[in-house]
Protein chains: 2
Amino acid sequence: MNVGFIGLGLMGRPMALHLARAGHALHLWARRQASFEPFADVDATLHASPAEVAKQADIVFTMVADAPDVEQICFGPGGLAEGARAGLIVADMSTIAPAAARDIGARLAQRGIGFLDAPVSGGEKGAIEATLTIMVGGNDEPFARIRPLFEVMGKSVTHIGASGAGQVAKACNQILTGVTVAAVAEALNFARKSGVDAAKVREALLGGSAYSRILEFHGSRMLAGNFAPGFKAWMHQKDLRIVMEEAHRLGLALPNSAATAQLLNAMVGSGMGEEDSVAVYKLLERLSG
Amino acid sequence: MNVGFIGLGLMGRPMALHLARAGHALHLWARRQASFEPFADVDATLHASPAEVAKQADIVFTMVADAPDVEQICFGPGGLAEGARAGLIVADMSTIAPAAARDIGARLAQRGIGFLDAPVSGGEKGAIEATLTIMVGGNDEPFARIRPLFEVMGKSVTHIGASGAGQVAKACNQILTGVTVAAVAEALNFARKSGVDAAKVREALLGGSAYSRILEFHGSRMLAGNFAPGFKAWMHQKDLRIVMEEAHRLGLALPNSAATAQLLNAMVGSGMGEEDSVAVYKLLERLSG
């Protein structure tokens, strides 16, 4: 299949390479020339604009930072909408607000372009190992067509519901991971400040109902002082901004998500934005001397 | 061994019965006569006071609601301290404040009585099935002596550290379980209010880094509207009060624990105290119409 891919960063690059290795012809566009280098040895064509990509592709994946980037790629000058043939499908795998995804989907539909919101969890490691969890919103027909390509990039692909539902599921994922990371940091700091061996506490709690993947895999990183990303704090901050904006729009009380969003604000404000979000442990440690 | 057990409620009763079935002679005291009925068929002697229990026993377990109950049993009129022989060990399996446990341990030590704080997690089910997680604080020597009895009641027994360390570990457990229950409730309400199938979202997230035992076992209860205890909200409220008091004493910022403590206050205030703490889902649902 002719597959467009726009957004060749830490996540997008390995995802696109998996598609090429699965036998698809890649059509690429990127702002920076350096982004093309990893594609020298695969069937990949570089284009001058998203519109040129859209002319060649049956499906275009986008993997960028936030909603304005997706909008620019779709509707900006030289955007996908300018070059799209009828029947093109755009699958946005970025994490953006559910309302923005629904809006972009509706505007593309007016031009006969299909749209899926298909954000992922699993991070750079999941992208490299093709073990991503992919949560999809949109109509059945484009989902059925694109599913085999999603399965090249991830190990768990779920059609959650209508347009925007993939982003809602991703937002739920970011609530759970963000709040659980903060809860683990609070508990381990509590142990440490009480003069107790936090590693022993973590070990004892892993066997019971307090078990979470975060406690198992990130709890030990906190205690080892390993705050290298992984998943950067400024990205988690952005994702919880989306959650809190949706909560405001829906009239929804999310007290723990709000507390965690404040901690992420404080992390970015105190220079930890480029560290992994597990550095919230360090923030809480500093807060309490 | 001659084993005293005081506190024959939902947790204490099955725990004491396991000790009897393991061949130990039980020495019991309780406020209510009805508490003795389950012990009619085992080797159990009823006594008129904790002091009488202490005269007969090598080790006395206590399993009551809060620190004042433990203090009354130890130091009140007819308390354990009145009847204790030198070398008696008291193991308090209740959940109380770490500072209170350290204080009780120090006061018992002045009278030559050993003390372990040994709170548990796993709930009534864990008590009945002898699969409790037992977190122990105190000296090595009494721990070594009592460990075989703990292993009759639980499947995971960890000596966390010095006096009070068991209660610190339990407090960490209550932070993690309380905050994670609230986070799961927030995420599932977010999905539902966004018009998305929350069960599908839960299913998709179980495979990734958002996985927790709470999401797996309690997330489905929330969606089914099953709020029967389990672990009652007023007890989790009490445990987070202990956490917040310790945080105040230590000068420790615990923003998510604080948000969850407020939700538990609201649950008890709105008549959900006797329901399971997963009913926080219902509270959040009501809050947002």
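Residues numbered from 1 in each chain as written. Chains lettered and ligands numbered in written order. Predicted model: local features only at pLDDT ≥ 70, side-chain atom pairs only at ≥ 80, totals over all residues. Heavy atoms only, no water.

### Re the packing of helix H5 (residues 98-109) of chain A against helix H11 (residues 233-250) of chain A
Residue and element names in this part refer to chain A. Put simply, H5 and H11 touch, their axes get as near as 9 Å, and they point 80° apart. It follows from the interaxial angle that H5 and H11 lie roughly perpendicular. Side by side, H5 and H11 meet where Pro98, Ala99 and Arg102 of the first sit next to Ile242, Glu246 and Arg249 of the second. Grouping the constituent residues of the contact of H5 with H11 by class yields 3 nonpolar, no polar and 3 charged. (Axes fitted to C-alpha atoms, helices over the stretch in contact; angles between N-to-C directions. Helix = DSSP H or I, 4+ residues; strand = E, 2+ residues; numbered from the N terminus. Parallel < 35°, antiparallel > 145°, perpendicular 65-115°, else oblique. Contact = heavy atoms within 4.5 Å. Nonpolar A, V, L, I, M, F, W, Y, C, P; charged D, E, K, R; others polar.)

### Points about the packing of aromatic side chains
All chains considered together, the criterion is met by 7 aromatic pairs over all chains. With 6.1 Å between their ring centres and 55° between their planes, A:Tyr211 and B:Tyr211 make a pair best called tilted. Placement of the pair is A:Tyr211 in the loop between helix H9 (198-206) and helix H10 (213-224) and B:Tyr211 in the loop between helix H9 (198-206) and helix H10 (213-224), with the two residues belonging to separate chains. When its relative accessible area of 11% is taken as the criterion, A:Tyr211 is described as buried. Each residue in the set A:Phe5, A:Phe61, A:Phe143 and A:Phe150 is aromatic and connected to the rest through ring pairs, giving one cluster. Taking the ring centre of A:Phe75 as reference, the NZ or CZ of A:Arg107 above it sits at 4.0 Å. (Phe/Tyr/Trp six-rings, centres within 6.5 Å; stacked < 30°, edge-to-face > 60°. Buried < 20%, exposed > 50% of the residue type's maximum accessible area, 1.4 Å probe, protein only. Lys NZ or Arg CZ within 6 Å of the ring centre and 35° of its normal.)

### Comments concerning the interface of chain B and chain A
With 59 residues of chain B at the interface, the matching set in chain A holds 59 residues. Taken together, both faces of the contact between chain B and chain A bury some 5100 Å²; the carbon and sulfur share is 69%. At the junction of chain B with chain A, the criterion picks out 0 salt bridges. If you tally residues by element for the side of chain B that touches chain A, the top one is helix H8 (residues 165-193) of chain B, at 19 residues. Looking at the side of chain B that touches chain A residue by residue, the class counts come to 36 nonpolar, 16 polar and 7 charged. (Buried area = accessible area lost by both parts, 1.4 Å probe. Salt bridge = Lys/Arg side-chain N within 4 Å of Asp/Glu carboxyl O.)

### Notes on the nonpolar core
The nonpolar side chains of soluble globular proteins are, as a tendency, buried together. Of all hydrophobic cores here, the largest spans 97 residues; its most connected members are A:Phe190 and B:Phe190. In this structure, A:Phe190 is in contact with B:Val168, B:Ala171, B:Cys172, B:Ile175, B:Val243, B:Glu246, B:Ala247, B:Leu252 and B:Leu254, ignoring residues within four places of it in sequence. (Core = buried A, V, L, I, M, F, W, Y, C linked by side-chain atoms within 4.5 Å.)

### Description of unusual backbone geometry
Across residues other than glycine, the phi torsion is negative in most instances, and most of the peptide bonds are trans. Residue and element names in this part refer to chain A. Following Pro229, the chain continues into Gly230 via a peptide bond in cis, with omega recorded as 0°. Positionally, Gly230 belongs in the loop between H10 and H11. Phi is positive for Ala130, which is not a glycine, with a value near 55°. Along the polypeptide, Ala130 turns up in the loop between helix H6 (123-129) and strand E8 (132-137). The class of Ala130 is buried, set by a relative accessible area of 18%.

### So, the domain arrangement of chain A
You'll often see interface size given as the accessible area lost when the parts meet. Residues and elements named next belong to chain A. Looking at chain A, the domain boundaries give domain 1 (2-161) and domain 2 (168-287). Domain 1 and domain 2 are separated by 29 Å when their C-alpha centres are compared. The partner domain 2 presents 10 residues to the 13 residues of domain 1 that form the contact. Together domain 1 and domain 2 conceal approximately 1000 Å² of surface at their shared face, both sides included; 61% is due to carbon and sulfur atoms. The largest contributions to the domain 1 side of the interface with domain 2 come from Thr95, Pro98 and Met135, which together make up 40% of the buried area. Put simply, Asp66 and Arg241 hold a salt bridge, and the shortest N to O gap is 2.8 Å. (Domains from an automatic or database assignment.)

### What to know about the pairing of strand E4 (residues 59-62) of chain B
Residue and element names in this part refer to chain B. Of the two faces of E4, the one lined by Ile59 and Phe61 and the one lined by Val60 and Thr62 are each fully buried. Both strand E1 (residues 2-6) and E4 contribute to a ladder of 4 bridges, which runs parallel. In the sheet register, Phe5 faces E4, and the bridge partner there is Phe61. Where E4 lies against strand E5 (residues 89-92), 4 bridges are found, and the strand directions are parallel. What sits directly across from Thr62, in E5, is Asp92. (Pairing = 2+ DSSP bridges.)

### What to know about H8(B)
All names here are of chain B. For H8, spanning 29 residues, the distance from its first C-alpha to its last is 42 Å, which sits close to the expected 42 Å at 1.5 Å a residue. Burial within H8 is extensive, with 27 of its 29 residues counted as buried. The positive-phi residue at the C-terminal boundary of H8 is Gly195, with phi of around 80°. (Expected span 1.5 Å × (residues − 1).)

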